[in-house]
Amino acid sequence: MCGFVGFTGDPDQGVLRGMTTAIAHRGPDDADYFTDEGIALGFRRLSIIDLAGGRQPMVNEDGSKVLVFNGEIYNFSQIKEQLVAAGHVFKTAADSEVLLHGYEEYGPELLNKLRGMFAFVIWDKNTRKLFGARDFFGIKPLYYAQMGETFLFGSEIKSFLSHPDFKKELNPRALESYLSFQYSPGPETFFQGVYKLPPAHYFTYQAGKLKITRYWVPQFHAEEDKDLNYWVDEIEKVFDNSVEAHKISDVEVGSFLSSGVDSSYVACSANVDKTFTVGFDNGEKYNEISWAKGLSQQIPVKNISKVITPEEFWGNFGKIQYHMDEPLADPSAVALYFVCNIASQHLKVVLSGEGADEIFGGYNIYREPLEMAWYDRIPLPLRRLIGKIAGMLPAHRGLNFLVRRGRPLEERFIGNAYMFQEKERKALLKNPVGAPAPEELVKPCYDQMANQDAVTKMQFVDLNMWMVGDILLKADKMSMANSLELRVPFLDKEVMALAGRIPTRWRVNELNTKYAMRLAAQRRMPEKWAEKRKLGFPVPTRVWLKEEKYYNRVLAAFTGPQAEQFFHTEKLVKLLNDHRDGKADNSRKVWTVYTFLVWYKEFFVER
């Protein structure tokens, strides 16, 4: 919907306008500002609801509270009715105003009444207190930093850079963790002193003191007494309700469409007029356009597609990493950038399928604990020994099983990406700083799910780590880079509440992943779409890295001054050469390092 910035201290108008301009892409329709003693707030608007009204920063009736808000509240009409009944007077038809009056009436308890995606901050002039919150799943971002006496907050880190109190320094711990996860995990960011407010948390900042509180946790309590048909019926009913809520808008809404079941289910349920798809000219494995067009013809709906050329992909990669704020080594982010770009040429709002895999159990890796489950009954010390021996032999699928199962789940699964293990990243870096081991960062998730089965534990890890740091980061940043609002109907409180009740066997089993959800989707689309294996805008980086043109581009980065600053470059070159020569598929590891170097150049190298 929008973007905002803010800071405490001297409310310099020039500084505020410069910071707000840095995120103009998030809201090209309007800009406005609020300053008062000790506070400055800036806002960029992408008009979606109440196009004529709803300007921000928004001030309440007596001028005592001021709001900046990014997102959408889908149940704002119902909350508004309750607030009007309680005596509150509304001046606009915008969902934003519900947050102001709701905070006046309920305080932090407002958050659990909301249904939507949001990041917002409210300044209370009387108490001189800031209250800020981020939505349940982390769909919308919220960053903050304490720089001397100044507290900065906003939708994107890049807005902080022009503030005179901001010190731009690389956080070396973030680089170490990133090399394992392919994204920046946890609250820390790549900028020293800058943090992400975690999903489902709120903060208060008063008299120089920051306090952060969690207000919601996704729950898994399987109800084993209901049959499969019950769950399929419930999924259909609850998801339809979520889609209708996510279509609330005063402008046209479209939908992304790949060949997978998630986006197909959204498109078939949403009754939109346009769908959008991208692909690459490297065979069907990397091009889902024909699948998307086929389904669009059957719905029927207009499909608008684009084939991304290698030149477009590589030529825009630096700009994409700039928009990301932190390096993200997921190549599909580039595909997402381009599908957002073509959609933004036709409308302002799209629906997308993010979150279905984490909530309903869609990743193939979730089936791993179910394969040869008897093996886990072998004492762990013996499995470790077998795994260690297997790891010394040439790579093979069967041996890889022994290596992985030679470690407990809590050590081997840190999410859908596991690039460099702790030992590998230490060997690669010139100056490792002792960032936490990957398993330490995910341990709190495992601790919260200690009494759950392995599949549920993996889902919970992904909901709190991978989905936030990768899936939703790229969804927000790539859509907003194109002034497009992306909505995710699977990531709804009501959908999560239902999914948390479904027994594991109807989420993941020997027949398929997302088992019950696929059966619900079959009621809306042909079976071959409901059953198709997930691809999700796949990108042919492993192919390109073997081509001379792109191999040389990465080689130049791996032997350049930035690489020399951080890495043992001879080891980077070996990774790249072994991939080119077919000795190993190092494409994801190569891409992880290359992405960091491209990002670093955007933010830290003088042009």
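Residues numbered from 1 in each chain as written. Predicted model: local features only at pLDDT ≥ 70, side-chain atom pairs only at ≥ 80, totals over all residues. Heavy atoms only, no water.

Visitor: With reference to specific residues and values, describe unusual backbone geometry.
Guide: The omega torsion of the bond from Gln-56 to Pro-57 falls at -5°, within 30 degrees of zero and hence cis. Tracing the backbone through its elements, the reader meets Pro-57 in the loop between β3 (39–45) and β4 (58–59). Note that the residue after Ile-299, namely Pro-300, is joined by a cis bond; omega there is -10°. By the secondary structure assignment, Pro-300 is in the loop between α7 (289–298) and β15 (302–308). Its identity as a non-glycine residue notwithstanding, Met-372 has a phi of 50°, on the positive side. The residue Met-372 is located in the loop between α11 (356–360) and α12 (380–391) in this model. Residue Ser-483 is not a glycine yet carries a positive backbone phi of 55°. (Helix = DSSP H or I, 4+ residues; strand = E, 2+ residues; numbered from the N terminus.)

Visitor: Tell me about the sheet that holds strand β11 (residues 201–206), and name the residues and values.
Guide: Taken together, six strands build an open sheet; the order of strands is β4-β5-β6-β7-β11-β12 and the sheet is antiparallel. The sheet is open, and its two edges are formed by β4 and β12 (209–214), each paired on a single side. As paired elements, β11 and β12 share six bridges and run antiparallel to each other. Bridge pairing in β12 links Phe-203 to Ile-212. (Pairing = 2+ DSSP bridges.)

Visitor: Break down the pattern of salt bridges for me, citing the residues and quoting the values.
Guide: Counting across every chain of the model gives 45 salt bridges. Across the pair Lys-196 and Glu-326 runs a salt bridge whose closest N-O atoms are separated by 3.7 Å. Of the two residues, Lys-196 sits in strand β10 (residues 194–196) while Glu-326 sits in the loop between α9 (317–324) and α10 (332–344), which places them 130 residues apart along the sequence. Each of the two residues, Lys-196 as well as Glu-326, counts as buried. The partner of Asp-585 in a salt bridge is Arg-542, and the shortest N-O contact between them spans 3.0 Å. Here Arg-542 lies in helix α22 (residues 541–544) and Asp-585 lies in the loop between α25 (569–580) and α26 (587–604), a separation of 43 residues in the sequence. Linked through salt bridges whose partners overlap, the residues forming this network are Arg-26, Lys-140, Glu-156, Lys-158, Asp-325, Asp-476 and Lys-477. (Salt bridge = Lys/Arg side-chain N within 4 Å of Asp/Glu carboxyl O. Buried < 20%, exposed > 50% of the residue type's maximum accessible area, 1.4 Å probe, protein only.)

Visitor: Residues and numbers for the nonpolar core, please.
Guide: With 174 residues, the main nonpolar core has Leu-114, Phe-118, Phe-120, Phe-137, Phe-256, Phe-567 and Phe-596 as its most contacted residues. No other element matches α26, which puts 11 residues into this core. What Leu-114 contacts, discounting residues up to four positions off in sequence, is Ile-73, Asn-75, Ile-79, Leu-99, Phe-120, Phe-136 and Lys-493. In this structure, Phe-34, Val-66, Ala-119 and Phe-153 belong to the second largest nonpolar core, which totals 19 residues. (Core = buried A, V, L, I, M, F, W, Y, C linked by side-chain atoms within 4.5 Å. Contact = heavy atoms within 4.5 Å.)

Visitor: Explain a nonpolar patch on the surface to me, using residue names and the numbers behind them.
Guide: On the surface, Leu-382, Leu-385, Ile-389 and Leu-393 cluster together to form a nonpolar patch covering roughly 360 Å² of accessible area. Counting through the fold element by element, Leu-382 comes out in helix α12. (Patch = residues over 30% accessible without salt bridge, like charges linked within 9 Å, V, L, I, M, F, W, Y side chains within 5 Å. Areas by Shrake-Rupley, 256 points an atom, 1.4 Å probe, with all protein chains shown as cover.)

Visitor: Summarise the packing of helix α2 (residues 76–85) against helix α3 (residues 96–106); cite the residues concerned and give the values.
Guide: Look at α2 against α3: their axes get within 10 Å of each other, and the N-to-C directions meet at 50°. By the angle between their directions, the pair α2 and α3 is classed as oblique. Seen from above, α2 lies across α3 with left-handed handedness. On α3, the residues touching Phe-76, Ile-79, Lys-80, Gln-82 and Leu-83 of α2 are Val-98, His-101, Gly-102, Glu-105 and Tyr-106. A per-class count over the contact of α2 with α3 returns five nonpolar, three polar and two charged. (Axes fitted to C-alpha atoms, helices over the stretch in contact; angles between N-to-C directions. Parallel < 35°, antiparallel > 145°, perpendicular 65-115°, else oblique. Left-handed = near helix turned anticlockwise from the far one by under 90°. Nonpolar A, V, L, I, M, F, W, Y, C, P; charged D, E, K, R; others polar.)

Visitor: Could you give an account of helix α16 (residues 438–448), with specific residues and numbers?
Guide: Within the span of α16, buried status applies to Pro-438, Val-442, Cys-445 and Tyr-446. Around the axis of α16, the buried residues are gathered within 100° of arc, so they sit on the same side. (Arc of directions from axis to C-beta.)

Visitor: So what's going on with the packing of aromatic side chains? Which residues, and what values?
Guide: Applying the stated criterion across every chain, the model contains 57 aromatic pairs. Seen from their ring centres, Phe-280 and Phe-313 are 6.1 Å apart, and the 70° between their planes marks the pair as edge-to-face. Remark: Phe-313 occurs in helix α8 (residues 310–315) and Phe-280 occurs in strand β14 (residues 274–280); sequence separation between them is 33 residues. Taking relative accessible area as the criterion, Phe-280 reaches 1% and is therefore assigned buried. Both rings, one in Trp-506 and one in Tyr-515, keep their centres 6.1 Å apart while their planes meet at 25°; by these two values the pair is stacked. Cluster of aromatic residues (ring-pair linked, three or more members): Tyr-178, Phe-190, Phe-191, Tyr-322, Phe-566, Phe-567, Phe-596, Trp-599, Tyr-600, Phe-603 and Phe-604. Above the plane of the ring of Tyr-551 lies Arg-580, whose end atom (NZ or CZ) is 4.5 Å from the centre. (Phe/Tyr/Trp six-rings, centres within 6.5 Å; stacked < 30°, edge-to-face > 60°. Lys NZ or Arg CZ within 6 Å of the ring centre and 35° of its normal.)

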